[in-house]
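Survey of secondary and tertiary structure
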Amino acid sequence: MPRINSPAELEEFRRSILSKRSDDRPCITLCSGSACHATGSEKVAGAIVAELENHGLTGQVDFRRTGCHGFCEQGPIVVIYPEGICYLKVKPEDICEIVSHTFKEKKLVERLLYVDPTNGEKSSFEHDIPFYKNQQRLILGLNRKIDPKSLEDFLAVGGYKALTKALFEMSPEEVIGEVKAAKLRGRGGAGFPSGMKWEFARKAPGDQKYVVVNCDEGDPGAYMDRSLMEGNPFTVLEGLMIGAYAIGATEGYIYVRQEYPLAVDNLSVAMKEAERRGLLGKNIMGSGFDFTVKVHRGAGAFICGEETSLLASLEGKPGEPKSRPPFPANKGLWGKPTNINNVETWANIPVIINEGAEFFSSVGTESSKGTKIFSLVGKVNNTGLVEVPMGIPLRDIIYKIGGGVPKGKKFKAVQTGGPSGGCIPEAYLDVKVDFDELMKMGAMMGSGGMIVMDEDTCLVDIARYFLEFLSDESCGKCVPCREGIRQMLKVMTDITQGKGKEGDIELLENMAMATQGAALCALGKTAPNPVLSTLKYFREEYEAHIKEKRCPALSCKELIAFHIDPEKCKGCGSCLRKCPANAIEGGKKTIHVIDQEKCTKCGTCIEACPAAFQAIGKLSGVPVPAPVPQEKRALA
Amino acid sequence: MDITRIDQIIDDHNAEQSSLIQILLDIQAEHHWLPKQALDRVAEKLDVPMNRIQHITTFYKAFSQVPKGRHQIHVCMGTACHVRGAQRVLDTISEATGIKAGETDAELKFSLETVNCLGCCALGPVMVVDGEYHGNVAPAQAADVLKNYE
Ligand SMILES: Cc1cc2nc3c(=O)[nH]c(=O)nc-3n(C[C@H](O)[C@H](O)[C@H](O)COP(=O)(O)O)c2cc1C
Ligand code: SF4
Ligand code: SF4
Ligand code: FES
Ligand code: FES
């Protein structure tokens with residue numbers, strides 16, 4: 001079928017696609033998102049094609065390469081339908097067994113199943129794995145059902161129903177009304193009500209208006225936008241078009257950071273497909289609505305995520321922010337009314353239009369509706385993307401879904417909101433996660449990065465880390481941000497290097513206030529947050545660094561030393577073989593010692609020392625014991 | 001450097017001034033850096049002053065005006081990778097290659113760069129060599145990986 005010229009033709013096309021599919025048909029899906037790509041899904045794909053052919057199953061079993069499922073550390077992920085059997089960390093050499101066992105004999109390949117690290121229980125099906133079981137994946141869930149480049153797949157799961165409904169059954173005002181009633185708040189960070197923003201842009205005078213997708217995703221440690229853009233570009237496009245119709249825009253831009261090449265590729269294919277079918281371009285589905293869209297790659301600047309910088313960058317200029325007002329809704333791209341939303345915000349729109357504002361606002365809390373995708377990473381057993389209803393307790397995310405902290409270590413804090421956010425300590429794990437509750441904690445929703453830290457993470461260092469990041473990324477246009485962050489960073493660096501002085505904490509507090517108050521854009525205004533929140537909850541850690549020159553987490557390089565306990569060392573030589581700096585002396589049946597001058601404090605030796613001996617430890621704030629004299633090192 | 005290829009890239013973007021960044025990205029993708037000659041050509045064909053081009057190439061981190069090594073190492077220093085020990089990985093690589101982040105060695109063998117998140121946070125720490133991803137890397141392993149490159 002060539003161009004689709006009416007809703008009836010779309011439905012006919014959808015029926016013809018669905019008639020060739022059935023839920024009972026065997027299908028093997030392979031995650032081909034970026035992380036799985038990195039762990040080898042390309043080779044696994046080759047093996048699947050070859051093996052299906054070997055067994056003469058090519059026409060009988062469908063093979064689909066999907067976007068990210070969210071459970072990235074366990075990739076490459078293979079799911080087998082209709083049962084939903086889920087195999088993790090699949091290698092090319094496993095495919096032969098999967099095909100012969102699972103497809104031919106209907107048996108499981110036990111070793112590829114998920115094993116719960118907390119109790120050793122296995123899960124055969126995707127929906128039984130605790131990581132998935134406790135999520136509500138309204139937005140992300142479609143990723144695993146579709147090939148991101150296939151319009152057919154998208155239509156098979158109900159794609160373009162929302163656009164059709166908006167274009168043919170609703171006025172622009174009604175669309176805006178629905179988004180307002182749904183109480184959707186922007187997922188890009190600040191949580192501004194999207195419907196209100198759309199209304200501003202709709203009401204702004206001007207013939208030419210623009211809509212923009214913000215897929216800059218500069219937040220380190222967050223990748224939900226990547227996953228959506230790579231895994232389901234059609235849905236983002238559909239949301240964008242509904243917004244364009246509501247606002248009265250006929251042109252759109254998608255700003256994607258260039259570090260996300262797969263997102264750019266999949267999106268470009270989706271755009272071409274949509275265009276070919278008349279779902280993008282002139283007179284879409286015969287509705288009279290015209291819409292064209294361009295992809296613009298970012299060039300590696302965090303500040304370009306900020307909306308006024310992003311617009312400058314779209315115009316081909318350096319991405320320096322402007323003070324607001326005027327807001328982009330009135331004076332945006334080339335001075336025209338412009339509406340920018342985050343990828344996840346746009347992806348929520350089809351759900352709202354399809355399911356209705358009432359359904360949408362039934363999920364979540366009073367002030368924050370719907371679900372939110374978090375990137376749950378760091379020191380947590382099940383890392384990946386999790387989508388949960390707003391209002392879920394932090395504890396449930398970290399323990400029920402995340403499976404807690406690995407290796408029996410103690411939970412220390414969770415950092416939310418990226419560089420503009422803060423750290424939340426254990427005492428507040430029962431806080432219900434939504435925009436306002438996090439703000440009350442001195443943290444932030446931000447884009448949804450959630451970095452779990454255990455007892456080995458130094459929170460002074462984490463605050464320093466964010467300042468370093470922001471000092472690098474400050475555009476330099478205004479002095480409070482440029483200098484304020486730099487000076488705070490200097491003090492923080494001194495503290496983590498054991499050069500902290502009495503009075504540094506007060507100095508930091510003063511500089512934080514000044515930067516917060518005087519910076520031009522939100523980068524500078526929020527830059528002190530990580531410092532202030534760690535000072536609030538972990539002040540004693542700052543004091544230990546300053547007064548005792550001790551890093552309680554045994555993490556700050558300048559304040560720690562590695563030491564082999566002569567009582568425990570069995571002379572096995574594992575550490576010596578692994579040390580990249582040749583800093584360890586030893587020999588057969590000899591107590592090993594570390595040359596403190598040569599040691600680069602990389603930590604490799606601790607991991608190398610067999611668990612049964614655990615002879616190597618870290619010290620901080622105390623002198624390193626003198627090494628055992630040469631003649632006494634021989635072991636019996 | 002092939003001027004006709006540069007012209008072709010410029011034409012792919014209809015020689016629009018607003019596509020300046022996109023054009024530079026495309027040129028950089030082919031050369032791994034931006035030779036002066038290419039920038040001159042862009043300035044001429046788009047009719048934008050060189051100082052604006054210089055502003056862009058220094059503002060955005062993706063651009064380099066110095067030649068790059070045969071092998072490009074990127075170490076992620078994003079938060080997720082940071083808490084899982086990315087700094088130690090970077091230190092070990094610096095040690096093994098003799099160059100710091102942002103540098104290229106004298107033999108033009110390696111260029112070492114840091115990045116702030118590659119979107120594979122679940123696999124942290126992550127390093128990428130010539131486009132090939134390595135996840136959950138330990139310092140010693142990072143040094144081993146580099147031995148495979150000539
Ligand atoms: C320094 C800075 C960086 C930002 N980076 C991003 C980003 O990477 N992605 C994003 O969607 N919003 C980012 N924002 C927020 C945007 O300015 C803007 O509020 C957002 O795109 C609006 O979309 P929303 O209403 O859907 O949340 C950033 C803001 C600041 C101040
Ligand atoms: S606050 Fe920082 S990033 Fe924002 S305009 Fe000022 S210098 Fe630039
Ligand atoms: S910390 Fe690293 S450099 Fe120091 S002794 Fe251990 S392995 Fe060697
Ligand atoms: S990329 Fe495969 S699960 Fe995320
Ligand atoms: S923080 Fe390293 S890949 Fe995201």
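So, a few notes on the structure that sits alongside this text. All values reported here derive from a predicted model rather than from experimental measurement. (Residues numbered from 1 in each chain as written. Chains lettered and ligands numbered in written order. Predicted model: local features only at pLDDT ≥ 70, side-chain atom pairs only at ≥ 80, totals over all residues. Heavy atoms only, no water.)

As for the overall build of chain B
When helices and strands are tallied, chain B shows 7 helices and 4 strands. Counting helices and strands in the order they occur from the N terminus, chain B gives α-α-α-α-β-α-α-β-β-β-α. Structurally, chain B occupies a C-alpha span of about 50 × 30 × 25 Å along its principal axes. Relative to its 150 residues, chain B shows a buried fraction of 55%. Across chain B, contacts joining residues at least 24 apart in sequence account for 60% of those joining residues at least 6 apart. Split by element, the accessible area of chain B, about 6,400 Å² in all, is 48% carbon and sulfur. When the 13 positive and 20 negative side-chain charges of chain B are each reduced to one mean point, those points stand 5 Å apart. (Helix = DSSP H or I, 4+ residues; strand = E, 2+ residues; numbered from the N terminus. Buried < 20%, exposed > 50% of the residue type's maximum accessible area, 1.4 Å probe, protein only. Contact = heavy atoms within 4.5 Å. Areas by Shrake-Rupley, 256 points an atom, 1.4 Å probe, with all protein chains shown as cover. Lys, Arg positive; Asp, Glu negative; His and termini not counted. Charge placed at Lys NZ, Arg CZ, Asp CG, Glu CD.)

Considering the site of ligand 3
Close to ligand 3 lie 13 residues, the nearest being A:C579, A:C599, A:C602, A:G603 and A:C605. Grouping the amino acids of the shell around ligand 3 by side-chain chemistry returns 9 nonpolar, 3 polar and 1 charged. (Near = heavy atom within 4 Å. Nonpolar A, V, L, I, M, F, W, Y, C, P; charged D, E, K, R; others polar.)

Examining the sheet that holds strand 9 (residues 292-297) of chain A
Residue and element names in this part refer to chain A. The sheet built from 4 strands is open, its strands ordered 9-8-7-10 with parallel pairing. Only two strands of the sheet have a single partner each, and these edge strands are strand 9 and strand 10 (338-342). Taking the axes of each pair of neighbouring strands and ignoring which way they run, one obtains an average angle of 20° across the sheet. As paired strands, strand 7 (residues 210-215) and strand 8 (residues 251-256) are joined by 6 bridges and run parallel to one another. When the bridges of strand 8 are listed, V211 appears paired with G252. Along the sheet face, helix 14 (residues 343-362) touches strand 7 and strand 10 and points at about 95° away from the line of strand 10. (Pairing = 2+ DSSP bridges. Axes fitted to C-alpha atoms, helices over the stretch in contact; angles between N-to-C directions.)

Observations regarding the site of ligand 2
Neighbouring ligand 2 are 13 residues; A:P321, A:C475, A:C478, A:C481 and A:C521 lie closest to it. When its residues are assigned to classes, the shell around ligand 2 shows 9 nonpolar, 3 polar and 1 charged.

A closer look at the nonpolar core
A:Y160, A:F291 and B:M127 are the most contacted members of the largest nonpolar core, which has 150 residues in total. With 10 residues, the top contributor of residues to this core is helix 11 (residues 233-247) of chain A. Setting aside its immediate chain neighbours within four residues, A:F291 contacts A:V211, A:L240, A:M241, A:A244, A:A249, A:T250, A:E251, A:G252, A:L280, A:G281 and A:I284. The next biggest cluster of nonpolar side chains, apart from the first, holds 67 residues, and it includes A:C481, A:I505, A:A527 and B:V42. (Core = buried A, V, L, I, M, F, W, Y, C linked by side-chain atoms within 4.5 Å.)

Looking at the interface of chain B and chain A
Facing the 38 residues of chain B at the interface are 62 residues of chain A. Across the chain B/chain A interface, buried area totals approximately 3,900 Å², and carbon plus sulfur atoms make up 56% of it. At the junction of chain B with chain A, the criterion picks out 4 salt bridges. B:D26 is paired through a salt bridge with A:R297; the nearest N and O atoms lie 2.9 Å apart. The interface formed by chain B and chain A holds 24 residue pairs in polar contact (both at pLDDT 80 or more) in total. (Buried area = accessible area lost by both parts, 1.4 Å probe. Salt bridge = Lys/Arg side-chain N within 4 Å of Asp/Glu carboxyl O. Polar contact = N/O pair within 3.5 Å; in protein donor to acceptor, adjacent residues only side chain to side chain.)

Digging into the sheet that holds strand 15 (residues 449-454) of chain A
Residues and elements named next belong to chain A. Taken in spatial order, the 5 strands make up an open sheet running 12-11-15-13-14, and their pairing is mixed. Looking at which strands have only one partner, the edges of the open sheet turn out to be strand 12 (384-389) and strand 14 (422-425). Taken over all neighbouring pairs, the strand axes of this sheet differ in orientation by 30° on average, direction set aside. Bridge count for strand 13 (residues 411-416) against strand 14 is 4 bridges, and the pairing is antiparallel. In the strand pairing of strand 14, A413 is matched with P425. Taken strand by strand, helix 17 (residues 459-473) contacts strand 13, strand 14 and strand 15, and its axis lies near 15° from that of strand 13.

Describing the pattern of salt bridges
Residues and elements named next belong to chain A. Considering all chains together, one arrives at 46 salt bridges over all chains under this definition. For E42, the salt bridge is made with R65, and the minimal N-O distance between the two is 3.3 Å. You can see E42 sitting in helix 3 (residues 41-54) and its partner R65 sitting in strand 2 (residues 62-66), a full 23 residues away along the chain. The class for E42 is partly exposed, based on a relative accessible area of 43%. K107 is the partner of E105 in a salt bridge, and the nearest nitrogen-oxygen pair spans 3.0 Å. Classification of E105 by relative accessible area gives partly exposed; the value is 43%. In this structure, a network of salt bridges that share partners links the residues R21, R64 and D153.

Some thoughts on helix 9 (residues 194-203) of chain A
Restricting attention to buried positions, one finds in helix 9 of chain A the residues A:S194, A:G195, A:W198 and A:A201. Down the axis of helix 9 of chain A, the buried set is contained in an arc of 125°. They therefore lie on one face. (Arc of directions from axis to C-beta.)

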